[in-house]
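Notes for the structure review
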Amino acid sequence: MKIVDMIEIENVLYDGNKDEIERVLKEYKVSYKYDKNNRNFSFKSLKLQEISRGYKVNNEPNCVKYFGSIYNY
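Since the structure is predicted, the reported quantities are computational estimates derived from the model, not experimental observations. (Residues numbered from 1 in each chain as written. Predicted model: local features only at pLDDT ≥ 70, side-chain atom pairs only at ≥ 80, totals over all residues. Heavy atoms only, no water.)

1. A word on the nonpolar core
One recurring pattern in soluble globular proteins: nonpolar side chains tend to sit buried together. Counted only if it meets this: For our purposes a nonpolar core is just a set of buried Ala, Val, Leu, Ile, Met, Phe, Trp, Tyr and Cys residues, chained together by side-chain atoms within 4.5 Å. Exposure categories follow from relative accessible area, calculated using a 1.4 Å probe and restricted to protein chains: below 20% of the type maximum is buried, above 50% is exposed, and the middle band is partly exposed. Where helices and strands are cited, they refer to DSSP runs of H or I of at least four residues and of E of at least two residues respectively, numbered from the N terminus. Contacts between residues were defined by any pair of non-hydrogen atoms, one from each residue, lying within 4.5 Å.
The biggest cluster of nonpolar side chains holds 19 residues, and the ones touching the most others in it are Ile9, Leu13, Val30, Tyr32, Phe41 and Phe43. Of all the secondary-structure elements, those providing two or more residues to this core are helix H1 (6-15), helix H2 (18-27), strand E1 (30-35), strand E2 (40-45) and helix H3 (62-67). If you tally residues by element for this core, the top one is H1, at 5 residues. Residues contacting phenylalanine 43, with those up to four places away along its chain left out, are Met6, Ile9, Glu10, Leu13, Val30, Ser31, Tyr32, Glu50, Ile51 and Ser52.

Pasting the structure below:
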C-alpha cells in the first residue's frame, strides 16, 4: 500500500480494516487521539511530518474501534 498524503492516511484510519490500519500506523509512524465527548479527532505522521485535526467529526474512525481512543507510535 503506497500512501502519498495525509488524506489517504485519514481515509484508512476512518474506513480501513484492522490489518490496513495497523500497517499504516506502523509504516507512517502515526499517533492519534479521539475525544468521544467532543467528537474531535487528530493524528500525526512522523514519517510525513504532518498533523491533521478534525472537529465535530460525524463518524467514529475505525482505528478507534480497533485500537482505542489514544494511540501513540
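Having put the structure on the table, let's press on.
2. Regarding the packing of aromatic side chains
The line we're drawing: For this analysis, a ring pair means two rings from Phe, Tyr or Trp (six-membered ring only for Trp) whose centres lie within 6.5 Å, classed as stacked if their planes differ by under 30 degrees, edge-to-face if by over 60, and tilted for the remaining angles. Remark: a charge is flagged as sitting over a ring if the NZ atom of Lys or the CZ atom of Arg is within 6 Å of the ring centre and within 35 degrees of the ring normal.
Enumeration over the complete set of coordinates arrives at 6 aromatic pairs. Seen from their ring centres, phenylalanine 41 and phenylalanine 43 are 5.7 Å apart, and the 35° between their planes marks the pair as tilted. One exposure class covers both phenylalanine 41 and phenylalanine 43, and it is buried. A centroid spacing of 6.0 Å and a plane angle of 65° characterise the contact between phenylalanine 67 and tyrosine 71, whose relative ring orientation is edge-to-face. Exposure remark for phenylalanine 67: the relative accessible area of 22% places this residue in the partly exposed category. In this structure an aromatic cluster arises from ring pairing among Tyr14, Tyr32, Tyr34, Phe41, Phe43, Phe67 and Tyr71. Over the aromatic face of tyrosine 28 sits the side chain of lysine 47, whose NZ or CZ is 4.7 Å from the ring centroid.

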